[in-house]
Amino acid sequence: MIYIHIPFCKQKCSYCNFHFSTSLNFKDEMIHAMKTEIMLRKDELQNKTLKSLYFGGGTPSILSVDEISSLMDEVLRYFSFDKDIEITLEANPDDLDKNFLKQLSGTPVNRLSIGTQSFFEEDLKLMNRAHNASEAESSIKRAQDFGFENLSIDLIYGSPTSNLEIWKENLHKTIALEVPHISSYALTVEPKTALENWISKGKIKSPKEEEQNREFYYLSDFLKDHGFEHYEVSNFARPGFYSRHNSAYWKYREYLGIGPSAHSYNGFDVRSWNVANNQQYIKKLNDKTLAKEEEILSREDQFNEMIMIGLRTIWGVDLTSLKNKFSDQIWEDFQTEIKAKIEEGILIIEDDHLKIPEKHWFMADGIASDLFLV
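Rules and cut-offs
Residues numbered from 1 in each chain as written. Predicted model: local features only at pLDDT ≥ 70, side-chain atom pairs only at ≥ 80, totals over all residues. Heavy atoms only, no water. Helix = DSSP H or I, 4+ residues; strand = E, 2+ residues; numbered from the N terminus. Rg over C-alpha atoms; globule rule 2.2 N^0.38 Å. Buried < 20%, exposed > 50% of the residue type's maximum accessible area, 1.4 Å probe, protein only. Areas by Shrake-Rupley, 256 points an atom, 1.4 Å probe, with all protein chains shown as cover. Lys, Arg positive; Asp, Glu negative; His and termini not counted. Charge placed at Lys NZ, Arg CZ, Asp CG, Glu CD. Polar contact = N/O pair within 3.5 Å; in protein donor to acceptor, adjacent residues only side chain to side chain. Contact = heavy atoms within 4.5 Å. Core = buried A, V, L, I, M, F, W, Y, C linked by side-chain atoms within 4.5 Å. Patch = residues over 30% accessible without salt bridge, like charges linked within 9 Å, V, L, I, M, F, W, Y side chains within 5 Å. Salt bridge = Lys/Arg side-chain N within 4 Å of Asp/Glu carboxyl O. Pairing = 2+ DSSP bridges. Axes fitted to C-alpha atoms, helices over the stretch in contact; angles between N-to-C directions. 1 Å grid on protein atoms, 1.4 Å probe; cavity = no way out; pocket = protein on both sides within 12 Å on 5 of 7 lines; lining within 4 Å. Points joined across faces, edges and corners; volume = space filled by probe spheres on them. Phe/Tyr/Trp six-rings, centres within 6.5 Å; stacked < 30°, edge-to-face > 60°. Lys NZ or Arg CZ within 6 Å of the ring centre and 35° of its normal. Expected span 1.5 Å × (residues − 1). Parallel < 35°, antiparallel > 145°, perpendicular 65-115°, else oblique. Left-handed = near helix turned anticlockwise from the far one by under 90°. Nonpolar A, V, L, I, M, F, W, Y, C, P; charged D, E, K, R; others polar.

A. Seen up close, the overall build of the protein chain. Check the secondary structure of the protein chain and you find 14 helices and 15 strands. Over its C-alpha atoms the protein chain spans a radius of gyration of 21 Å, differing by no more than 12% from the 21 Å that the globule rule assigns to 374 residues. The principal-axis extents of the C-alpha atoms in the protein chain amount to approximately 55 × 50 × 45 Å. Counting over 374 residues, the protein chain shows a buried share of 51%. Counting only carbon and sulfur atoms, one obtains 48% of the accessible surface of the protein chain, whose full area is about 17200 Å². Treating the 43 positive side-chain charges of the protein chain as one cloud and the 59 negative ones as another, the clouds have centres 4 Å apart.

Here it is in structure tokens:
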């Protein structure tokens, strides 16, 4: 599978620390550089038939449909698309006008991930989103009108401008709009963001973990009551609408990341990442040089990743695979580590898979980190 990072946005959201630029001055050069990278790295994926292609960002919908199509055409020069391929485009609601959607419906893109975040104006203003509450709703309806039924939306809970009642209304609206996939995250305060600055100066209150905890479990219960499956800590889907792309990440499959700051993984022991600087990325690729660094994952790194990723999902950690992959000493120490947590009910074993019961999922990362090799 291939991930293509589009490093442009109209404006900077208050909570975001991803890599992107609000200047489109070098957009053409960037697209050219990405095509060059696809060509240079075409042999890194063993499977030449793609089951997933994902345009993330940044804001991929800031590109024209012709530009998106030209990147897909470049991919098709070196790879083929599986007959059932999932091609996802992340999009902001304000970009999804009738003209854009009409053109996009004529391309192979068959899944939209819409950065809705909230259907309430106060939330969107705090987040400095480019769209308003009306666009949050209308963009979903327009996408459906143009045949995009495989939709995912992002929702953020635990904002200082929100509360449980507002959160409930957000979820009721989502159900009414018949969205089949939801990715939902607690508002986090990242370093060097506007949100961190506002909180440090006392302009707004810091998110409260106990409120986020309550809203997370309401979210889970509510969506399950409406036919959704909670298949990863932050992801919910109706049957048949799991994100194939993200599910492959969580199952340790190989993937190729194209674009500045994009990561890649060979499915075993090598992880690489591109420079998080647009100008450096373009310059390197203009010289037909890859703009990436890589590391060989240690046994400890591989073990820790299997634990962290697996315990965030309904699939859990395959204990047979874990035992076969690592030394007897690591396995024995691990058995000792999990024993107390199993007795406490924080961990369970089902069909030889180690899992966190869903009632403890809000603390999944902390539980997993207690099991890491150091």
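Now that the structure is up, let's keep going.
B. Broad picture of the side chain of K355. Position of K355 relative to the elements: it lies in strand 15 (residues 353-355). Given a relative accessible area of 17%, K355 falls into the buried group. Here I314 takes part through its backbone oxygen, which lies 3.3 Å from a polar atom of the side chain of K355. Not counting the four nearest positions on each side in its chain, K355 is found in contact with L311, I314, W315, G316, I346, L347, I348 and E350.

C. Spotlight on the nonpolar core. Residues I2, F55, L112, L322 and F334 are the most contacted members of the largest nonpolar core, which totals 84 residues. Membership of the second largest hydrophobic core comes to 10 residues, among which are C13, L126, I156 and L195.

D. Expanded view of a negative patch on the surface. Taken together, the side chains of D328, E332, D333 and E337 define an acidic patch exposed on the protein surface. Topologically, D333 is positioned in helix 13 (residues 328-344).

E. Local environment of the sheet that holds strand 1 (residues 2-6). Taking strand neighbours across the sheet as the criterion, the nine strands line up as 7-8-6-5-4-3-2-1-9 in an open arrangement whose pairing is mixed. The open sheet is flanked by strand 7 (229-232) and strand 9 (256-258), the only strands paired with a single partner. Across the sheet, the axes of successive neighbouring strands diverge by a mean angle of 20°, strand direction being ignored.

F. Molecular detail of the pattern of salt bridges. Enumeration over the complete set of coordinates arrives at 22 salt bridges. Across the pair R41 and E37 runs a salt bridge whose closest N-O atoms are separated by 2.8 Å. Summarising the burial analysis for this pair, R41 and E37 share the class buried.

G. Here's a closer look at the layout of surface pockets. A volume near 380 Å³ is recorded for the second largest pocket. Every residue lining the second largest pocket is counted, 16 residues in all, and those nearest its centre are M1, K51, S52, A248 and R253. Listed by contribution, the elements that provide at least two residues to the lining of the second largest pocket are strand 2 (49-57), strand 3 (80-91) and helix 9 (244-250). In terms of residues, the lining of the second largest pocket owes the most to one element, helix 9, which gives four residues.

H. Quick look at the packing of aromatic side chains. Under the definition given, this model contains 15 aromatic pairs. Residues Y231 and W315 carry aromatic rings whose centres are separated by 6.2 Å and whose planes lie at 65° to one another, so their mutual orientation is edge-to-face. A residue pair is termed long-range when its members are at least 10 positions apart, and Y231 in strand 7 and W315 in the loop between helix 11 (299-310) and strand 13 (317-318) qualify at 84 residues. Judged by relative accessible area, W315 falls into the partly exposed class, the value being 24%. Taken together, the aromatic side chains of Y157, W167, F216, Y217 and F362 make up a single cluster linked through ring pairs. Its end group placed over the ring of W315, K251 keeps NZ or CZ at 4.3 Å from the ring centre.

I. Layout of the pairing of strand 4 (residues 111-117). In terms of residue burial, strand 4 counts as a mostly covered element, since seven of its seven residues are buried. Burial along strand 4 is two-sided: the residues R111, S113, G115 and Q117 and L112, I114 and T116 are all buried. In this sheet, strand 4 lies alongside strand 3 in parallel orientation, the contact comprising four bridges. If you follow T88 over to strand 4, its bridge partner there is R111.

J. Seen up close, the environment of K288. For K288, the position within the fold is in the loop between helix 10 (278-286) and strand 12 (292-296). Spatially, the C-alpha atoms of K288 and T36 are 7.2 Å apart, while their sequence positions differ by 252 residues. In this structure K288 touches T36, M39 and L40, once residues within four positions along its chain are discounted.

K. Expanded view of helix 11. An ideal rise of 1.5 Å per residue puts 16 Å on 12 residues; helix 11 measures up with 16 Å between its terminal C-alpha atoms. Buried positions along helix 11 lie against helix 9, strand 13, helix 12 (319-325), helix 13 and helix 14 (364-369).

L. Geometry of the packing of helix 1 (residues 27-40) against helix 2 (residues 65-78). Close contact between helix 1 and helix 2 brings their axes to 9 Å; oriented N to C, the two are set at 15°. Here helix 1 lies roughly parallel to helix 2, going by the angle between them. Crossing of helix 1 over helix 2 shows right-handed handedness. Each of K27, D28, I31, M34, K35, I38 and M39 in helix 1 lies in contact with helix 2, whose residues at this interface are E67, S70, L71, E74, V75 and Y78. Residue composition of the contact of helix 1 with helix 2, grouped by class: seven nonpolar, one polar and five charged.

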